Amino acid sequence: MPMNTDVVGAKSSNTSLMIKRIVAYTVLILLVIVSLFPFYLLIINATRGRSQPGIRWVPDHFLITNFKNLFKGTTAVAYGSVWRSLANSLFISGCTSLLSVYFSALTAYAIHVYHFKLRKFADTFILIVMMVPTQASAIGFYQFMSKLGLTDTYVPLIVPAIAAPATYYFMKQYMASALPLEIVEAARIDGCGEFKTFNKIVTPILKPAFAVQIIFTFVTNWNNYFMPRLILESKSKYTIPLVLNAMRYAGPQEKDVGMFSLYIVIAILPVVVVYLCLSKFIIRGVALGSVKG
Amino acid sequence: MKRKSISYAKWGYIFLIPFFVVYIIFSLYPLFQTFYYSFMDYVKDQGAVGGGWTRQAVEVTPEFCGLKNYSAIFSSGSDLLQAFWNTIIMWLVGFIPQIAVSLILAVWFTDLRLKIKAQGFFKAVIYLPNVIMASAFAFLFYSLFSRGGAIYDIIKIPLLESAWGSRGIVGLINFILWYGNTTILLMAAIMGVDPSLYESAQIDGATSNQTFWKITIPLIKPIMSFVLVTSMIGGLQMYDVPALLTKDMGTPNRKLMTVVMIIQSNKQGNIGKASALCVIIFAISAVVGMLLMFASADKDGKKKKKKRG
């Protein structure tokens, strides 16, 4: 008898499991559609003409026209050059991501390896300031930069990347698990200087952490709208989101949804490509970042 | 033996120099400066009186005015207080579905009996919007929902012309941007739960509902509160989406104006008031951040005590 009920129980739980599975897959597929639908529409819109009444599911034939219009001189005059904006964003994001990982690693290395009086204090200090949003000092930042004559330059957008508390925290976590102090000691015995040890021996060990954080910092800066908007004024220095914003101000005469959509596709393409290649590592990095939280 | 007596401590300080110098110049000093301005009557005139041709700001000396800027924010019917409500409402509209959906997805992904296939694919797709610029989403959704746009043509309702319609769209964009991220964080938390707990629950005949409420939820509380706090601080800084959607105007009827939009538009204008807004953002972030820290520290303390006992 008990065996019988067991079998019955298993069967009923099997059907309920089946139902649950169907529900789960249905919801997941719906969410996949919700997540991908904007991208699909963007790509379709990029092949459509200036005004786009109604929804369209298959590509139109305006892609080449939009391409030509996008890189036309008058477009650059009206909204800022598309080429320049791509180059500017690439420059800023490249510099910030490299500076941020290198100096965050150096900072984390100082706390991880050396024993000094203010070590605990420095560590706690950085953890606390991690919570402070950039916007909280925005007005003072802008006023100070304008006093120094640094508004409308890239200095306020790039140099602050040296002090990146979140990247520091990630590096510290990574070092705790992947950088045994014996390596540092061995280097010392071999007569390697402290700075050289960090550059030649430690950084290669940190490569995986560097990769994850370079991607994150790059993407954050590539997508950043607040800071460039705060600091930059001249169109030749505009980054992608600023040009996008300028396009929002286009009057009904100049408005060209096809061309604008193509610009967005070009702007997000590099990030999408890198993401598709490395999504596994990126997702693992996201999970790692806060497990301790 | 001699080598050991060499002190390496100075290198610790040397390696910390770049971080702290940059932090003090570009963050700490501006933060204090913002605090200082927030107690000042400091309005820069952009020369708009002279026709707005000259970009030269008229220099004014800030004058101490006590808490006037703050009381102006909290006076009833103030524009700035409205901005706080707008920000909170738009955050909630996005956050509530986000946490609910993420929790369900995280439970499904980690359910050993459910065995969801192609998890890598699903995770990659739902996280994808998080790496895309929010401005792009704002732009696309504007072109879809405004009059003459593709979705407007189907539903025939000008959603962007009503306060709740636009807030709903902002919430939807924030949901799409962030639910993948939250799912992954919660998954990591659930996978960190001791599997033997689930096994023993199963042996004791617990239903999956019971397991969820009695085991999963209490054990992932630390990460749940982490998600809540970071999302709250992030939501408070909401800027890109409403700013691009409404051309910085916060239309309709300033019901989409967020706090940071006001700060941004006053960087050269009413500096005193904008600074006070910055300080309030700082204060709220500090309070919720500290609550989180104390909550997790408390947990650790309890664990240690238990181990000792």
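Residues numbered from 1 in each chain as written. Chains lettered and ligands numbered in written order. Predicted model: local features only at pLDDT ≥ 70, side-chain atom pairs only at ≥ 80, totals over all residues. Heavy atoms only, no water.

**Comments concerning the confidence of the model for chain A**
All names here are of chain A.
No. 1: Chain-level statistics for chain A give a pLDDT mean of 88 and a share of 94% at 70 or above.
No. 2: Highest mean pLDDT in chain A belongs to helix 7 (residues 155-158) (96); lowest belongs to helix 1 (residues 2-46) (80).
No. 3: In the model, residues 1-9 has pLDDT below 50 throughout and makes zero contacts with residues more than four positions away in sequence or in other chains. (pLDDT = per-residue confidence, 0-100. Helix = DSSP H or I, 4+ residues; strand = E, 2+ residues; numbered from the N terminus. Contact = heavy atoms within 4.5 Å.)

**Describing the interface of chain B and chain A**
Quoted interface sizes are often the accessible area lost when the parts come together.
No. 1: Taken together, the contacts link 99 residues of chain B with 98 residues of chain A.
No. 2: Taken together, both faces of the contact between chain B and chain A bury some 8,900 Å²; the carbon and sulfur share is 75%.
No. 3: Between A:Arg229 and B:Asp248 there is a salt bridge; the shortest N-O distance is 2.7 Å.
No. 4: Among the elements that make up the side of chain B that touches chain A, the one with the highest residue count is helix 1 (residues 9-38) of chain B (21 residues). (Buried area = accessible area lost by both parts, 1.4 Å probe. Salt bridge = Lys/Arg side-chain N within 4 Å of Asp/Glu carboxyl O.)

**A look at the nonpolar core**
Inside soluble globular proteins, nonpolar side chains tend to come together where they are buried.
All names here are of chain A.
No. 1: Judged by nonpolar contacts, the single largest core of 185 residues is most densely connected at Tyr109 and Ile268.
No. 2: In terms of residues, this core owes the most to one element, helix 14 (residues 257-290), which gives 16 residues.
No. 3: The residue makeup of this core includes at least three contributed by each of domain 1 (1-79 + 250-268) and domain 2 (81-246). (Core = buried A, V, L, I, M, F, W, Y, C linked by side-chain atoms within 4.5 Å. Buried < 20%, exposed > 50% of the residue type's maximum accessible area, 1.4 Å probe, protein only. Domains from an automatic or database assignment.)

**Section: the layout of surface pockets**
Take a probe with the size of a water molecule and roll it over the atoms, and the empty space left behind shows itself.
No. 1: Taken as a whole, the second largest pocket encloses approximately 1,100 Å³ of empty space.
No. 2: Lining the second largest pocket are 33 residues; nearest its centre among them are B:Val107, B:Asp111, B:Leu112, B:Tyr198 and B:Ser208.
No. 3: Residue assignment for the lining of the second largest pocket shows that the elements contributing at least two residues are helix 1 of chain A together with helix 3 (79-110), helix 7 (163-191), helix 8 (195-203) and helix 9 (208-219) of chain B.
No. 4: For the lining of the second largest pocket, the element with the highest residue contribution is helix 3 of chain B, accounting for seven residues.
No. 5: For the lining of the second largest pocket, the per-class residue count stands at 18 nonpolar, 10 polar and five charged. (1 Å grid on protein atoms, 1.4 Å probe; cavity = no way out; pocket = protein on both sides within 12 Å on 5 of 7 lines; lining within 4 Å. Points joined across faces, edges and corners; volume = space filled by probe spheres on them. Nonpolar A, V, L, I, M, F, W, Y, C, P; charged D, E, K, R; others polar.)

**Some points on the domain arrangement of chain A**
Residue and element names in this part refer to chain A.
No. 1: Structurally, chain A comprises domain 1 (1-79 + 250-268) and domain 2 (81-246).
No. 2: Facing the 11 residues of domain 1 at the interface are 12 residues of domain 2.
No. 3: Taking both partners together, domain 1 and domain 2 bury about 1,000 Å²; carbon and sulfur atoms supply 68% of that area.
No. 4: Considering only the side of domain 1, the residues that lose the most area to domain 2 are Phe71, Tyr79 and Tyr263, jointly responsible for 57% of the buried surface there.

**With respect to the side chain of A:Arg188**
All names here are of chain A.
No. 1: For Arg188, the location among the structural elements is in helix 9 (residues 181-189).
No. 2: Residue class for Arg188 comes out buried when judged on its relative accessible area of 12%.
No. 3: Looking at Arg188, its side chain comes within polar contact range of the side chain of Glu194, at 2.9 Å. (Polar contact = N/O pair within 3.5 Å; in protein donor to acceptor, adjacent residues only side chain to side chain.)

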